[in-house]
Amino acid sequence: MNKIALFSILFFALAQFSYAEDQIVINDAWVREVPPGTSVSAVYMTIENKGEHDKLVSLSSEIAESAELHTSKVDENGVATMEMIKILDIPSDTTVELEPGGMHVMLLGLKESLVGKEVVNLKLVFDKAGVVVVEVPVKKTGHMDHQHHH
Amino acid sequence: MKRRNVFKILIGILVLILLLWGVILYVYLDHNTKSGYYGMVYEREAPEFTLTDQEGAKVSLSDFKDKVVLLFFGYTYCPDICPMTMSVMNNVVDQLGDKADQVQVVFVTVDPQRDTVKKLKSYIPYYNENFIGLTGTPQEIDKVADDYNIFYSKEEVESSSGYLMGHNSSVLLITPDGEIFLRYSQNKMDPVSIAADIEKIL
């Protein structure tokens, strides 16, 4: 009886996890490599919700003290600001894009430099789909390639 | 028969109006882009300034009077827009090839509190050793931003980053004769087009 209960619980728990994997699909994730000493960076990705209406409720990463969802805005005068998004609604059957100049996950208080790192882990928590962990490759951008000589 | 004729005339008038509208739009847009420059023509005097660079040295705008200066304002705690602009600047410099020697990219912080000389020293060379990052006292920064019509403000946000900065993110192109000639907003960040503008000027 105990064994059955234990097995059922395990099965149920695993089912929850795979449910999360099926419902939410993360693609094209990447994080900006930033200069050593800079404590913030941005993560971009597409979030596809194949299931029912869901919400992204929290984010975290071992490499940073905290992770928050922000969106960049530039007004008609050219003034750029950022707004924090506490909860992101993701309707059923839609794909949300996090890209430069728009929404991004801001990593705050980087505990180590991203320079030379291959990947960082990002944990996304969804209201229905639960926890999704993404391995995010570090991308060098804006860094002048010194091999390219004129 | 009469009805059809009236109809045709009305269509004809409509077409004429549309054509006229098209011409007006074309002239208006052309005036804005002025003989084929990608950036927006600004044509204001570039006021002199002296700030401190990432080596701790005093740097003035007049130090670059024989170069085209690409000036923009930002802060190092900016995760999205400023790194993007840095990247565009690097691509512009790459596009220019040998002519890049005649161009100077200058970054001015709107966050002198956190962006000290030491901070800039670890930030700027990462993007490009030839770029210059400038900081100063809050008063000095305030004056330069004001002279250049660059709005900026501290946003106390409910975020563990402490505070974020809102700031004008346009890139200003200053010609060797001390004029802010062109202005590039965030939707005009194509490196190839910016480089083409610079080549026209040099």
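Just so you know, these numbers come straight off a predicted model, no measurement behind them.

1. Here's the deal with the overall build of chain B
Then step 1. Along chain B, the regular secondary structure elements total 5 helices and 10 strands.
Then step 2. The C-alpha radius of gyration of chain B comes to 22 Å, more than 25% above the 17 Å expected for a compact globule of 202 residues.
Then step 3. Seen through its C-alpha atoms, chain B measures out along the principal axes to roughly 85 × 45 × 25 Å.

2. A few points about the domain arrangement of chain B
Then step 1. Per the domain assignment, the segments making up chain B are domain 1 (1–33) and domain 2 (40–201).
Then step 2. Computed from C-alpha atoms alone, the centre-to-centre distance between domain 1 of chain B and domain 2 of chain B is 45 Å.

3. Quick look at the sheet that holds strand β4 (residues 68–74) of chain B
All names here are of chain B.
Then step 1. Reading across from one edge, β1-β10-β9-β4-β5-β6-β2-β3 is the order of the 8 strands in this open sheet, with mixed pairing throughout. Sheet topology places β1 (40–45) and β3 (58–60) at the edges, where each strand pairs with a single neighbour. With direction set aside, neighbouring strand axes in the sheet form an average angle of 35 degrees.
Then step 2. Alignment of strand β5 (residues 103–109) against strand β6 (residues 132–135), held across 3 bridges, turns out to be parallel. When the sheet's bridge partners are listed, V106 is paired in β6 with I132.

4. With respect to the interface of chain A and chain B
Then step 1. At the junction of the two partners, chain A supplies 33 residues and chain B supplies 34 residues.
Then step 2. The set of elements that each furnish at least two residues to the side of chain A that touches chain B consists of β2 (40–49), β4 (64–74), β5 (79–85) and β8 (103–110) of chain A.
Then step 3. Its residues assigned to classes, the side of chain A that touches chain B shows 14 nonpolar, 16 polar and 3 charged.
Then step 4. In this sheet, strand β8 (residues 163–168) of chain B lies alongside β5 of chain A in antiparallel orientation, the contact comprising 2 bridges. Paired with V79 of chain A across the two strands is N168 of chain B, which belongs to β8 of chain B.

5. Notes on the confidence of the model for chain B
Then step 1. Per-residue confidence for chain B averages 91 on the pLDDT scale, and 93% of its residues sit at or above 70.
Then step 2. Across the interface, the model reports ipTM at 0.79; the global pTM reads 0.81.

6. With respect to the confidence of the model for chain A
Then step 1. For chain A, per-residue confidence averages 88 on the pLDDT scale, and 87% of positions sit at 70 or higher.
Then step 2. The low-confidence segment residues 146–150 of chain A, where pLDDT is below 50, has 3 contacts with residues more than four positions distant or belonging to other chains.

7. What about the nonpolar core?
Proteins that are soluble and globular tend to have nonpolar side chains buried together.
Then step 1. Within the largest apolar cluster, 85 residues are counted, with the highest numbers of intra-cluster contacts made by V43, V105 and L107 of chain A together with L70, V106 and F107 of chain B.
Then step 2. The element best represented in this core is helix α2 (residues 81–96) of chain B, accounting for 9 residues.
Then step 3. Among all residues touching F107 of chain B, those that are not within four sequence positions of it are F72, G74, I124, F131, I132, G133 and L134 of chain B.

8. A few points about the environment of T38 of chain A
Then step 1. Residue placement: T38 of chain A occurs in the loop between β1 (24–32) and β2.
Then step 2. Judged by the 22 C-beta atoms lying within 10 Å of it, T38 of chain A is buried.
Then step 3. Put simply, T38 of chain A and L114 of chain A are 76 residues apart on the chain and 9.4 Å apart in space, counted from C-alpha to C-alpha.
Then step 4. Excluding residues that lie within four positions of it along the chain, T38 of chain A makes contacts with T76 and Y123 of chain B.

About the cut-offs
Residues numbered from 1 in each chain as written. Chains lettered and ligands numbered in written order. Predicted model: local features only at pLDDT ≥ 70, side-chain atom pairs only at ≥ 80, totals over all residues. Helix = DSSP H or I, 4+ residues; strand = E, 2+ residues; numbered from the N terminus. Rg over C-alpha atoms; globule rule 2.2 N^0.38 Å. Domains from an automatic or database assignment. Pairing = 2+ DSSP bridges. Axes fitted to C-alpha atoms, helices over the stretch in contact; angles between N-to-C directions. Contact = placed C-beta atoms within 7 Å. Nonpolar A, V, L, I, M, F, W, Y, C, P; charged D, E, K, R; others polar. pLDDT = per-residue confidence, 0-100. Core = buried A, V, L, I, M, F, W, Y, C linked by C-beta atoms within 7 Å. Buried ≥ 20, exposed ≤ 12 C-beta atoms within 10 Å, placed from the backbone.

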